[in-house]
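One letter stands for each residue in the lines below.
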Amino acid sequence: MRGLADKVVVVTGAAGGIGAATARRLAEEGARVVAVDLDEERVRKVAESVGGLGVAADVSSEEGVAGYLSAAVERFGRVDLHHLNAGIPGSFATLPELSAAEFDRVMAVNVRGVFLGVRAAFRRYAEQGTAGNIVITGSIGSLRGSADLLAYQTSKHAVLGILKGAAMYGGPLGVRVNAVAPGIVPTDLFAATPAAAGGKDDMSRRASSTPLRRAGTGDDVAGVVAFLLSDDAAYMTGEVVSVDGGASIVSTVRPSGGAGAWDFAAYDRSLYGR
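Here, residues in each chain are numbered from 1, in the same order as that chain's written sequence. Since the coordinates come from a predicted model, pLDDT governs what is reported: local features require at least 70, and pairs of side-chain atoms require 80 or more to be given and counted, while whole-chain, interface and lining totals use all residues. Note: side-chain values were computed over all heavy atoms of the structure, leaving out hydrogens and water.

A. The side chain of N110, seen in detail. Working definition: helices are DSSP H or I runs of at least four residues, strands are E runs of at least two. Numbering for both runs from the N terminus. Its location among the elements puts N110 in helix α4 (residues 100-128). Any pair of N or O atoms that falls within 3.5 Å is considered a polar contact. Within protein, one atom must be able to donate a hydrogen and the other to accept it, and sequence-neighbouring residues count only if both atoms are side-chain atoms. Separated by 3.1 Å, the side chains of N110 and S155 make a polar contact.

Right under this line is the structure:
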């Protein structure tokens, strides 16, 4: 893809899943990768595998964001591109049982972390006297509603507000800001909740209801991220690109969309206890 070779790109949440896949894809395109994650051991392995720099940092703190950018500039002299991908799923607790502390924890990583990353990117571009591109990882949860994962869903709606404001601010400066909205992509994000309904174990079954009839992979998303960061997407900004096997186009009230195929009485009993 045009415009990726020799660019310095920061990828957060890069220890596994979509972030690791994006780090690999961008390295294949000739970019120099700064892989960032709270998991120091795993992120350094990812960085080593692509010949890049691994940095352990908490993206929800100003110190953490300043630290990974400082390390990137010290190693490569500048930063051109940002993939702000770090996120956590939060609790599967129902709305009445969801604690404020858990809600705040998810918002800190998924929203504050994106805000700090976007702000730092613009400050870095200003200091360098350059432009650049940013891609945020949203979710199908940014575009749809569900009764579970409320904190996660709220956070993924919120990042689209950051996206649109940043795209408006960045346009006249030559800074493009876009987002990807992945659907079901089995990664370690949900590894801690394997048996929960909507957790990792039933991802393939749920993904079979999409038009493509399969779950996505990190590489599926990484290719779209690389495109949005590249010059091939030079006239795109403020966009949210769904990478979900077509899940977001499904009309669930039509037979082809699964109407009548689910036992909602059983689901309601499990959710509400009646």
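B. Inspection of a nonpolar patch on the surface at higher detail. Any residue with relative accessible area above 30% and no salt bridge may belong to a patch, with like charges joined within 9 Å and the nonpolar Val, Leu, Ile, Met, Phe, Trp and Tyr side chains within 5 Å. Note on areas: Shrake-Rupley, 1.4 Å probe, and residue coverage restricted to the protein chains presented here. Here, a salt bridge means any side-chain nitrogen of Lys or Arg that lies within 4 Å of a carboxyl oxygen of Asp or Glu. There is a patch of nonpolar side chains on the surface, built from W262, F264 and Y267 and spanning about 330 Å² of accessible area. Tracing the sequence through the fold places Y267 in helix α8 (residues 264-272). The exposure class of Y267 is partly exposed, given its relative accessible area of 36%. The classification of residues rests on relative accessible area computed with a 1.4 Å probe and restricted to protein chains. Under 20% of the type maximum is buried, over 50% is exposed, and intermediate values are partly exposed.

C. Structural view of helix α1 (residues 17-28). Here the expected span of a helix is defined as 1.5 Å times the quantity of residues minus one. Here α1 is 12 residues long and its end C-alpha atoms lie 17 Å apart, about the 16 Å a rise of 1.5 Å per residue gives. For α1, every residue scored as buried is listed here: I18, G19, A20, A21, T22, A23 and L26. Whether two residues touch is decided by their heavy atoms; if any such pair falls within 4.5 Å, the residues are in contact. Its buried side turned inward, α1 meets β1 (8-12), β2 (32-37), α2 (40-49), β4 (81-84), β6 (175-182) and α7 (218-229). Looking one or two residues past α1, G30 carries a phi angle of roughly 100 degrees, positive in sign.

D. Quick look at the sheet that holds β6. The rule for pairing is simple: two strands pair if DSSP sees at least two bridges between them. With respect to topology, 7 strands assemble into an open sheet ordered β3-β2-β1-β4-β5-β6-β7, the strand pairing being parallel. The open sheet has two free edges, formed respectively by β3 (53-56) and β7 (240-243), since each of these has just one partner strand. Across this sheet, the average inter-strand angle for adjacent strands is 20 degrees, counted without regard to direction. Bridge analysis of β1 against β4 gives 3 bridges, and the strand direction is parallel. Within β4, the residue paired with V9 across the bridge is L81. Simply put, an axis is a line fit to the C-alpha atoms, just over the touching stretch for a helix, and the angle between two N-to-C directions goes from 0 to 180 degrees. Packing against the sheet, α1 makes contact with β1, β2, β4 and β6, and its axis sits at approximately 165 degrees to β1.

E. Local environment of the pairing of strand β5 (residues 132-137). Most of β5 is tucked away: 6 of the 6 residues are buried. With burial as the criterion, each face of β5 is covered, one bearing G132, I134 and I136 and the other bearing N133, V135 and T137. The β-α-β motif built from β4, the intervening α4 and the parallel element β5 has right-handed crossover chirality. With 6 bridges joining them, β5 and β6 adopt parallel strand pairing. Bridge assignment links N133 to a residue of β6, and that residue is R176. The handedness of the β5 to β6 crossover, carried by helix α5 (residues 150-170), is right-handed. Think of it like this: strands point away, you trace from the first strand over the helix to the second, and a clockwise trace means the crossover is right-handed.

F. Spotlight on the side chain of S248. Considering the arrangement of structural elements, one finds S248 in the loop between β7 and α8. When residues no more than four places from it in sequence are discounted, the contact partners of S248 are I140, R144 and S242.

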